[in-house]
Amino acid sequence: MAAASQGLSMSSSSHDNGRENFRERLLDIDYNLGDLEVEQLKFLCQDLVSRKNLEKCSSASDIFEHLLAGKLLSEEDPFLLAELLYIIKQNSLLKYLHYTKEQVENLLPTKRKVSLFRNLLYEMSENIDSDILKSMIFLQKESMPKMQMTSLSFLGHLEKQAQIGEDDVKVLEDLCAKVAPSLGRKIEKYKKEKAFQVVTCPVDKETESLPQGKEEVFSCSDVQQFLGALPVNSLFCNSGISKFRQGFSGVLPSLKKSPVYKMDRKCRGQCVIINNHSFTVTSLSERRGTQKDAECLTHVFKWLGFNVNIYNDVTKENLEEVLIKFQSHPDHADGDCFVFCVLTHGKFGAVYSSDGVLIPIREIMSHFTALQCPGLADKPKLFFIQACQGEEIQLSVSIEADAINPEPTHPPLQNSVPNEADFLLGLATVPGYVSFRHTTEGSWYIQSLYNHLKDLVPRHEDILSILTAVNDDVSRRGGTRKQMPQPAFTLRKILIFPVPQEEL
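Residues numbered from 1 in each chain as written. Predicted model: local features only at pLDDT ≥ 70, side-chain atom pairs only at ≥ 80, totals over all residues. Heavy atoms only, no water.

An unreviewed UniProt entry lists the chain under the name Caspase-10 isoform X3, with Pteropus vampyrus as the source organism.

Here is the structure:
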């Protein structure tokens, strides 16, 4: 192991200090892994690295070299190694990659690289004891080599001999039925997961449904109408709202193969915050706690390198002036990105100005299409909306809803995201439902967005993974009152913010 480790260290001599530091951390992980863990890693990487190359690996660092060479592992995206360490239960080593066990669990649904089949075989090997292994080898004696085998090498041999595969686990099922019936449940679970494999966010299994009469504010067709026929992807985390599970299946693009947005210009870009606290119409109450949200957004986007522009209690006329100003802002040419945040009351597909005018979200976003705003063409444009999208719920004294009493029927919500590339819309809640705001601590959604940007940007997580973590966090709050954020996007590339030099 020492020789291999030395090679890994020496090969970094031509890299900058940051990459040397990353390789040093890989060495720290290597030093803490023994022969057993190396064999486990080799098995788990069989779909990622050629068997011929893996056979030559005698240390973890040898495996790391192949992952680095194949661009499966990098300082910018070390998640694959974090996933591998998590699978082999080496969670104490995740600190070298700036992850925690919980963060890996939250990100696995969207960033998993180790196949379900490989996971199944590894998990089964962990549950095949010496007696079960001896019985399985006996039953397969004619096809087994004359050598001592571990449970992992036994399963690997079955796969190598094409007796089992991703779409054919019958031999394994038969063996389990004869000598280890309890393991059959793992195979059944795998078959179900494979049959219904979709990319979804983590689900809070103990989530409670909304009170009677509040469960279904919009139908499946409403959801489809919201997304429309546009090439808009949507991250749907299900948190007890059964209609979502039946009515929509959101599929993320392949992040692994996508290029990355350029983030190396003079300025990260302009960030606009519309913060409506007080309203001139009596039907819209003061939004206590919104100042906390505005402060957090200001801090985090300044930290990320944006020029932050905040506007308080904005009327419809003022908003139009702000939109026109930033539609033709000269600094877009020197920026990488654009962020627009709205903190206000809202309704189905629209938000309220401080003078009580309902403004469609699409109307706001349409100012920044490539035609209307050439300076932002091919650059990511992020919109975060903290506002209800449906009817108000009676809540406890310290929680308020960003909504007013609804009209008897909702106007159909048309496509909120413009029909062109490079847009992301982060809604605090799905259409038809309220979003919650604490009267002193700010809203659930914005506070979660702030905390996850602060925690996950330094770990080189992309914006969609960060919003997935936000979805999971918000969905777990509130007891019987639940909220589910919804990002929709037409991004063409991965968006990863550079790590700021200073801590927030």
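Still more ground to cover, so stick around.
### Quick look at the environment of Gly346
Along the chain, Gly346 falls in strand 5 (residues 346–347). Sequence spacing of Gly346 and Ile385 is 39 residues, and the spatial spacing of their C-alpha atoms is 9.1 Å. (Helix = DSSP H or I, 4+ residues; strand = E, 2+ residues; numbered from the N terminus.)

### Digging into the pattern of salt bridges
Pairs can form between side chains of opposite charge once their charged atoms are near each other. As enumerated under the stated definition, the model contains 18 salt bridges in all. Across the pair Glu39 and Lys42 runs a salt bridge, and its minimum N-O distance is 3.4 Å. Placement of the pair is Glu39 and Lys42 together in helix 3 (residues 35–44), with a separation of three residues, close to one helical turn. With its nearest N and O atoms 3.9 Å apart, the salt bridge here joins Asp77 to Lys111. You can see Asp77 sitting in the loop between helix 5 (60–69) and helix 6 (79–87) and its partner Lys111 sitting in helix 7 (residues 101–111), a full 34 residues away along the chain. Relative accessible area serves as the criterion here: at 9%, Lys111 is assigned to the buried category. (Salt bridge = Lys/Arg side-chain N within 4 Å of Asp/Glu carboxyl O. Buried < 20%, exposed > 50% of the residue type's maximum accessible area, 1.4 Å probe, protein only.)

### With respect to the nonpolar core
Among the nonpolar cores identified, the biggest contains 62 residues, and Leu67, Leu85 and Phe154 are the most heavily contacted of them. Take this core: its biggest share by element is seven residues, from helix 6. Counting residues in each nonpolar core, the second largest holds 40 residues, with Ile273, Leu343, Ala428 and Ala469 among its members. (Core = buried A, V, L, I, M, F, W, Y, C linked by side-chain atoms within 4.5 Å.)

### Here we look at the pairing of strand 3 (residues 306–312)
Relative to strand 3, strand 2 (residues 267–275) is paired through seven bridges, and the arrangement is parallel. In the strand pairing of strand 3, Gln270 is matched with Asn307. (Pairing = 2+ DSSP bridges.)

### Side note on the packing of helix 8 (residues 116–127) against helix 10 (residues 151–160)
Describing two packed helices takes the angle between their axes plus the distance from one axis to the other. One way to put it is that helix 8 packs onto helix 10 with a least axis distance of 8 Å and a crossing angle of 140°. Looking at the two axes, helix 8 sits oblique to helix 10. The two elements helix 8 and helix 10 cross, and the hand of that crossing is right-handed. The residues of helix 10 that touch helix 8, namely those facing Phe117, Arg118, Leu121, Tyr122, Met124 and Ser125, are Ser151, Leu152, Leu155 and Glu159. Grouping the amino acids of the contact of helix 8 with helix 10 by side-chain chemistry returns six nonpolar, two polar and two charged. (Axes fitted to C-alpha atoms, helices over the stretch in contact; angles between N-to-C directions. Parallel < 35°, antiparallel > 145°, perpendicular 65-115°, else oblique. Left-handed = near helix turned anticlockwise from the far one by under 90°. Contact = heavy atoms within 4.5 Å. Nonpolar A, V, L, I, M, F, W, Y, C, P; charged D, E, K, R; others polar.)

### A short note on the state of the cysteines
Within the structure shown, the criterion is met by zero disulfides. Free cysteine: Cys341, not disulfide-bonded; nearest cysteine sulfur from Cys271 at 4.6 Å. (Disulfide = S-S within 2.5 Å.)

### A few points about the side chain of Ser353
Mapped onto the fold, Ser353 is located in the loop between strand 6 (350–352) and strand 7 (358–360). Residue class for Ser353 comes out buried when judged on its relative accessible area of 2%. Residues within four places of Ser353 in sequence aside, it is in contact with Asn276, Phe279, Val314, Thr315, Lys316 and Ile359.

### Comments concerning the packing of helix 6 against helix 7
Contact pair helix 6 / helix 7: the axes reach a minimum separation of 10 Å and the direction vectors enclose 115°. By the angle between their axes, helix 6 is roughly perpendicular relative to helix 7. Helix 6 and helix 7 meet at a crossing whose hand is left-handed. Taking contact as the criterion, the partners of Phe79, Ala82, Glu83 and Tyr86 in helix 6 are, on helix 7, Lys101, Val104, Glu105, Leu107, Leu108 and Lys111. In terms of residue class, the contact of helix 6 with helix 7 is made up of six nonpolar, no polar and four charged.

### Some remarks on helix 10
The element helix 10 is largely enclosed, with a buried count of eight among its ten residues. For helix 10, the full list of buried residues reads Ser151, Leu152, Phe154, Leu155, Gly156, His157, Leu158 and Glu159. Its buried side turned inward, helix 10 meets helix 3, helix 4 (51–55), helix 8, helix 9 (130–139) and helix 11 (170–179). Ala162 lies just past helix 10 and shows a positive phi near 60°.

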